[in-house]
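Working through the structure, step by step
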Amino acid sequence: MSGVSAHDAARVLAEFRGGRRIYVQGAVGEPLALRSILKSAPEVLAGTELVAGLLPGVNDFDYATLHPTVRLTVFLLPGALGASFEAGRVEVRAAPYSAIAADCLEGPPFDLAVLQVTPPDEEGLCSLGPCADFAPLIWPRAARRLAFVNADLPRARRGPTIPAVAIEVAIEAPGPFITGAEAAPGPEHRAIAERVAGLIPDGAAIQTGVGVAPAAAVATLTDRRGLVVRSGMVTEGYRALAEAGALAAGARHLAGLAFGRENFMLWAAEAFEFADATVTHGAAALAGVDRLHAINSALEVDLSGQANIQWRGGVLVSGLGGAPDFARAARRSLGGRGILALPSTAAAGAISRIVARLDAATVSLPGVDADLVVTEYGVADLRGAGPEARAAALIAIAAPAHRDHLTRAWEAIPREF
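The text that follows walks through the structure, step by step, so that each part is easy to find. These figures come from a predicted structure and were not determined experimentally.

Moving on, we get to the sheet that holds strand E12 (residues 228–234). Strand order in the open sheet formed by eight strands is E14-E13-E12-E11-E15-E20-E24-E25, with mixed pairing between adjacent strands. This sheet does not close on itself; its edge strands, each paired only once, are strand E14 (273–274) and strand E25 (378–381). Pairing between strand E13 (residues 254–258) and E14: two bridges, direction parallel. When the sheet's bridge partners are listed, Leu-254 is paired in E14 with Glu-273. Helix H12 (residues 323–332) rests against strand E11 (205–208), E12, strand E15 (292–296) and strand E20 (337–341) of the sheet, and its axis sits at about 145 degrees to E15.

Sheet architecture is open: three strands sit in the order E17-E16-E23, paired in mixed fashion. The two strands at the open ends of the sheet, each matched to only one other strand, are strand E17 (307–308) and strand E23 (354–355). The sheet contact formed by strand E16 (residues 300–302) and E17 spans two bridges and is antiparallel. The residue of E17 that forms the bridge with Val-301 is Ala-307.

Here the structure, examined in full by the defined rule, presents seven aromatic pairs. For the pair Trp-267 and Phe-272, a centre-to-centre distance of 5.5 Å together with 90 degrees between the ring planes defines the contact as edge-to-face. The side chain of Arg-21 reaches across the aromatic face of Phe-110, ending 4.1 Å from its centre.

Parameters at a glance
Residues numbered from 1 in each chain as written. Predicted model: local features only at pLDDT ≥ 70, side-chain atom pairs only at ≥ 80, totals over all residues. Heavy atoms only, no water. Pairing = 2+ DSSP bridges. Helix = DSSP H or I, 4+ residues; strand = E, 2+ residues; numbered from the N terminus. Contact = heavy atoms within 4.5 Å. Axes fitted to C-alpha atoms, helices over the stretch in contact; angles between N-to-C directions. Phe/Tyr/Trp six-rings, centres within 6.5 Å; stacked < 30°, edge-to-face > 60°. Lys NZ or Arg CZ within 6 Å of the ring centre and 35° of its normal.

Shown next, in the form of structure tokens:
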């Protein structure tokens, strides 16, 4: 590991411009020092393809604006990238996290991996911190490796590491790392959370995806016992579970990354085991998890149980993330359930999120993977239900003002099943 100053970093990055593929660690692993370096020398990105696991609500910097010839590939679509996406400078890879992880292992290797790590320990190992989604899969195959060494980054006591000797260029960059607070739940989210809580038994393995409703649901489980964490991401509600004694003592509590305020991030780095997406999202790894209760959200669900988590008003607003992986795993898990939790309406009640038929360009979650759908008005149990029973159950949990319209729309659909 050779050290250079941040002042020299642009010179180092310039060696990789022009037709090169560069992986930049995303989520809470995004090195904040990289932003200022690239802003001061945007020409180093000329002709490059950047790939980064940026997350909505977590990452708010648009690398695609730095140079007209840079292209950015992401797996989800943070709002800050909206203008660049519309301009064609950002591509969203619409694949579940398990498929992206497989491609990290088997696809073309990157020319450069840009990481954020802690200083090496006494064994010469640098921690990737509480962010282990894709970087552990990418760095061993990358042609070259550049790391921002942040002495303030929490060391994940049980998580992936990289040997300091495997880092070609190290840039000392102590300082802030990405933190944030969850969006405050509204009354409908709290009502949904209470309904979800009634579905989670003692001893369940729990996963929550991105969204206000799943995060709110976690905080309602403090009276459970023996819960096991098996999630792609953990947020501050999981600390409330631990402090209330809801988590199983001595169990393997596993996550891909943590996100919350600084004190939570410091706590989570000690409390959880962190693993890459082949472990957190891979079918083989999830196949052995009993009583898996996966709590995710959606933009809309139609009366057959198909879910849309990618499109709003005909415009792509996100990727797939881990929801397909966990929905399928929960459906197959012994004693498991897949839960989609979403408010019944959008636009202050004007738009129903329970719809007769999806009008999206693609179906994010097929009806065959549908299990439980929860709104503030109730729970629709779809497992094993036929088309008519599914439609009736979903209409019953739609907002009352939209139920008549949904009933008429369903009756008008030709019955060709």
